Amino acid sequence: MTSQLPEVQVKEAPPLLETLLVVDDEDAIRETVAVALEEQGYQVLQAADGRQALELVHTAERLDLMILDLMLPGLNGLDLCRLLRREGNTIPILMLTAKSSETDRVVGLELGADDYLTKPFGMRELIARCRSVLRRRQQSHASEATVLRYGDICLFTQECRVLVRGVEVSFSPKEFRLLELFMSNPRRVWTREQLLERIWGSDFMGDSKTVDVHIRWLREKLELDPSNPEYLVTVRGFGYRFG
């Protein structure tokens, strides 16, 4: 007599929450906005100044939208927006401005901000603006060609092709996935452990130095001078970043 094996219930992984970064030096405003967004089901990070926000952009696992006050100490909102766009970072930005700062709004939009909201604002309007920006972003990603470009490198995600200075270069599957991850997150610093988990999987039992080997192979294919890399840069004590 054959016994039937018990049916295994496979649970689907829960969808990743969209992550929003609230940048405002006024604690009451920042925390109130964060609580309101969390109640709508978003994951929220907070920064009290431009430098802290920049660090979070470079290190956060995921960021889908930045709510950015322009009047910040140190690195102000306009300078932060300008810096991110120069780095090639395309995170959507919803600016928070004072009513009288029409010039700042215009400059912010020209620098690459996606929308603006004047203070004081209602929380329902803020949430509606966030949803609108995120929706436009999703529609844009769905319709645009899946091509990543940075400097002289062009990566076609669906075709698994890479052009380096106009010449097609062959990459192994692991090399291609590493490069795609780097180019999708310019300037972000990745540790060896994070790269192993993303590319090789959490059950990988090999040596972490395999990451260093693959980085060396990538440099040999991407860099004019692999010993002095322009694209794949070592951040000592942390890991690697692209750009």
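Residues numbered from 1 in each chain as written. Predicted model: local features only at pLDDT ≥ 70, side-chain atom pairs only at ≥ 80, totals over all residues. Heavy atoms only, no water.

A. Representation of the overall build of the protein within the structure. Assigned secondary structure in the protein consists of eight helices and 12 strands. Within the protein, buried positions represent 40% of all 243 residues. Counting contacts in the protein only where the partners sit at least 6 residues apart, residues at least 24 apart contribute 56% of the total. Carbon together with sulfur atoms contributes 50% to the accessible area of the protein, which is approximately 14,300 Å² in total. (Helix = DSSP H or I, 4+ residues; strand = E, 2+ residues; numbered from the N terminus. Buried < 20%, exposed > 50% of the residue type's maximum accessible area, 1.4 Å probe, protein only. Contact = heavy atoms within 4.5 Å. Areas by Shrake-Rupley, 256 points an atom, 1.4 Å probe, with all protein chains shown as cover.)

B. Molecular detail of the sheet that holds strand β9 (residues 167–169). Within the open sheet, the four strands sit side by side as β6-β7-β8-β9. Their pairing is antiparallel. The outermost strands of the open sheet, each flanked by one partner alone, are β6 (147–150) and β9. Averaged over all neighbouring strand pairs, the angle between strand axes comes to 25 degrees, with direction disregarded. Against the sheet, helix α6 (residues 173–184) touches β6, β7 (153–156) and β8 (161–164), its axis set at about 110 degrees to β7. (Pairing = 2+ DSSP bridges. Axes fitted to C-alpha atoms, helices over the stretch in contact; angles between N-to-C directions.)

C. Main features of the pairing of strand β2 (residues 43–47). As paired strands, strand β1 (residues 19–23) and β2 are joined by five bridges and run parallel to one another. Within the sheet, the bridge partner assigned to Thr 19 lies in β2 and is Gln 43.

D. Spatial organisation of the pattern of salt bridges. With the rule as written, the count across this model stands at 16 salt bridges. One salt bridge in this structure joins Arg 187 and Glu 87, with 3.7 Å as the shortest N-O distance. Taken together, the residues span a long stretch of sequence, with Arg 187 in the loop between α6 and β10 (189–190) and Glu 87 in the loop between α3 (77–86) and β4 (93–98) at a distance of 100 residues. Judged by relative accessible area, Arg 187 falls into the partly exposed class, the value being 24%. One network of salt bridges, in which partners are shared, links Asp 24, Glu 26, Asp 69 and Lys 119. (Salt bridge = Lys/Arg side-chain N within 4 Å of Asp/Glu carboxyl O.)

E. Structural detail: the environment of Phe 238. Topologically, Phe 238 is positioned in the loop between β11 (232–235) and β12 (239–242). For Phe 238, a relative accessible area of 59% gives the class exposed. Each C-alpha atom, one on Phe 238 and one on Thr 191, is 5.8 Å from the other, the two residues being 47 residues apart in sequence. Setting aside chain neighbours within four positions, we find Phe 238 in contact with Val 189, Trp 190 and Thr 191.

F. Representation of the packing of aromatic side chains. Evaluation of the coordinates by the stated rule reveals four aromatic pairs. Between the aromatic rings of Phe 182 and Phe 242, the centroid separation amounts to 6.4 Å while the plane-to-plane angle is 25 degrees, which identifies the pairing as stacked. Of this pair, Phe 182 sits in helix α6 while Phe 242 sits in strand β12, placing them 60 residues apart in sequence. Considered together, Phe 182 and Phe 242 belong to a single accessibility category, that of buried residues. Aromatic side chains Tyr 231 and Phe 242 sit 5.8 Å apart centroid to centroid with 20 degrees between the ring planes, which places their arrangement in the stacked category. Placement of the pair is Tyr 231 in the loop between α8 (209–222) and β11 and Phe 242 in strand β12, with a sequence separation of 11 residues. (Phe/Tyr/Trp six-rings, centres within 6.5 Å; stacked < 30°, edge-to-face > 60°.)

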